[in-house]
Amino acid sequence: MLFKNIHKTGREKSSHDFILLTNQILLRFYISLEALMRGFLLSFLPTIVIGCSSNVLPSVKSSVTKNGVLSKTVKASTSLSAYGSTLDILVFDDDPLMRLDSFQRVEKFSGTTVHPTSTGGGKIFFLYYGSRCDRYAWAATGSYGDLRKMSMNLEDETRSSPVMTGQCRCEAGETHAFADLVPLACRIKIISLKRDFSDTPYAESKISDIMVYLTDVNACCSIAGNDRHDNIRLINAGMLNPHDMQRFEDRSLVCQSIEGKLADKAIKPDICLWCYPAGTHTGRPTRLVIEGKIDGRTYYWPFTIGTDGEIIRNRTYSYNITLKRKGVSSPDIEIEPQCMNIDLSIKPWIEKEDYPVRF
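Parameters and conventions
- Residues numbered from 1 in each chain as written.
- Predicted model: local features only at pLDDT ≥ 70, side-chain atom pairs only at ≥ 80, totals over all residues.
- Heavy atoms only, no water.
- Patch = residues over 30% accessible without salt bridge, like charges linked within 9 Å, V, L, I, M, F, W, Y side chains within 5 Å.
- Areas by Shrake-Rupley, 256 points an atom, 1.4 Å probe, with all protein chains shown as cover.
- Salt bridge = Lys/Arg side-chain N within 4 Å of Asp/Glu carboxyl O.
- Helix = DSSP H or I, 4+ residues; strand = E, 2+ residues; numbered from the N terminus.
- Buried < 20%, exposed > 50% of the residue type's maximum accessible area, 1.4 Å probe, protein only.
- pLDDT = per-residue confidence, 0-100.
- Contact = heavy atoms within 4.5 Å.
- Pairing = 2+ DSSP bridges.
- Axes fitted to C-alpha atoms, helices over the stretch in contact; angles between N-to-C directions.

### Looking at a nonpolar patch on the surface
Stage number 1. Nonpolar side chains collect at one region of the surface, where Ile342, Leu344 and Ile346 lie side by side and expose about 220 Å² of accessible area between them.
Stage number 2. One can find Ile342 in strand β20 (residues 340–348).

### Topic: unusual backbone geometry
Stage number 1. The backbone of Asp209 sits at a positive phi, close to 50 degrees, despite the residue not being glycine.
Stage number 2. Along the chain, Asp209 falls in strand β11 (residues 208–215).
Stage number 3. Even without being a glycine, Asp270 presents a positive backbone phi close to 55 degrees.
Stage number 4. Mapped onto the elements, Asp270 comes out in the loop between β15 (255–258) and β16 (271–275).

### Describing the pattern of salt bridges
Stage number 1. Per the stated rule, a full pass over the model turns up 13 salt bridges.
Stage number 2. Between Asp196 and Lys324 there is a salt bridge, with the nearest N and O atoms lying 3.3 Å from each other. Of this pair, Asp196 sits in the loop between β10 (186–195) and β11 while Lys324 sits in the loop between β19 (315–323) and β20, placing them 128 residues apart in sequence.
Stage number 3. Here Asp196 falls in the partly exposed class, since its relative accessible area comes to 23%.
Stage number 4. Ionic pairing is found between Arg287 and Glu334, a salt bridge with its closest N-O pair at 3.0 Å. You can see Arg287 sitting in strand β17 (residues 287–294) and its partner Glu334 sitting in the loop between β19 and β20, a full 47 residues away along the chain.
Stage number 5. Taking the relative accessible area as the measure of exposure, Arg287 reaches 12% and is therefore buried.
Stage number 6. Accessibility expressed as a relative area gives 36% for Glu334, which makes it partly exposed.
Stage number 7. It is possible to trace a salt-bridge network through shared partners that takes in Asp216, Arg284, Arg287, Asp332 and Glu334.

### What about the confidence of the model for the protein?
Low pLDDT means the predicted coordinates in that region are not meant to be read closely.
Stage number 1. In this model, the protein carries a mean pLDDT of 75, and residues with pLDDT of at least 70 account for 67%.
Stage number 2. Between the elements of the protein, mean pLDDT differs from a low of 38, seen in strand β2 (residues 70–74), to a high of 97, seen in β11.
Stage number 3. Segment residues 352–359: pLDDT under 50, and 18 contacts once partners within four positions in sequence are set aside and those in other chains are kept.

### Some points on the sheet that holds β15
Stage number 1. An order of β15-β11-β17-β18 is seen for the four strands of this open sheet, with the pairing classed as antiparallel. Strands at the two margins of the open sheet, each flanked by one partner only, are β15 and β18 (297–304). Neighbour to neighbour, the strand axes of the sheet diverge by 20 degrees on average, direction disregarded.
Stage number 2. Sheet analysis places β17 next to β18, joined by eight bridges and oriented antiparallel. Among the inter-strand pairings, Leu288 is bridged to a residue of β18, identified as Phe303.

So, in structure tokens, the structure goes:
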């Protein structure tokens, strides 16, 4: 997580540091007290268990009522229980200052009902699922503005527990509001891969030692999920960088290999890579690179992913690829269109569907 550091001097700095330290101590005391009370209260709540055999992430709906009751409805065919991740709930005042009102953590959240506490008036509810941080990481979050400056690193993501966030407003007097939990990341999938070198001098040549990876990947994303892409941190700049790869808990998120050789018959390699949203203002669009050897020489087939270089959160970019010619000599060179055929489909990673919630 990235936190805001405030620098002051003299008496102003001493006073500010004392106030900041006091606020952090009080928040940590509140978190500890809240954990004890929540453990007592949850012992009386019913557990919802839904069988799940699918690896697809669930479609979920959260509803926050005026009196602070958060109810979560999970689609019957799947469940969050397979992931057993943490749900953090931060409640902010919906006013110009947007100060933190309350915090609650639910361990191993799987669709049960929780009861976040808050004062009266309009509120902003922020939900963070799949936490990769200690609860004390929120200690510096005194306002919604602080929240917007916090980031998640792609290197810390895991397939078993992707980070998902959602938020909603609940105005004073409203009976309820809705928030969708969706992943911060997006997926790049190769559905099929084929080699078609017909009408070339190397028509019978096969491709071996195949690797698929992403270059110029945005590895930093605001947890608030805004679309401004302010927190850009590129990795694998122009190539597969071993130093960048060492920082990944799961390197298969951005690099995978394909066993065997690619001949005339199309294969379904089951390749699924992840990256964070990115715009076009960096001047270096994220590329999907296919690397392989033909007659002992290494070639690359790189191409820009997304729509005009724009990659959007909670999307699955699925490709059917046919290699028509030998690739280029570097993964940092955009390949000529005649060298490959690319068929792209874009769908939401998690569909947003409405589920009625009764109170």
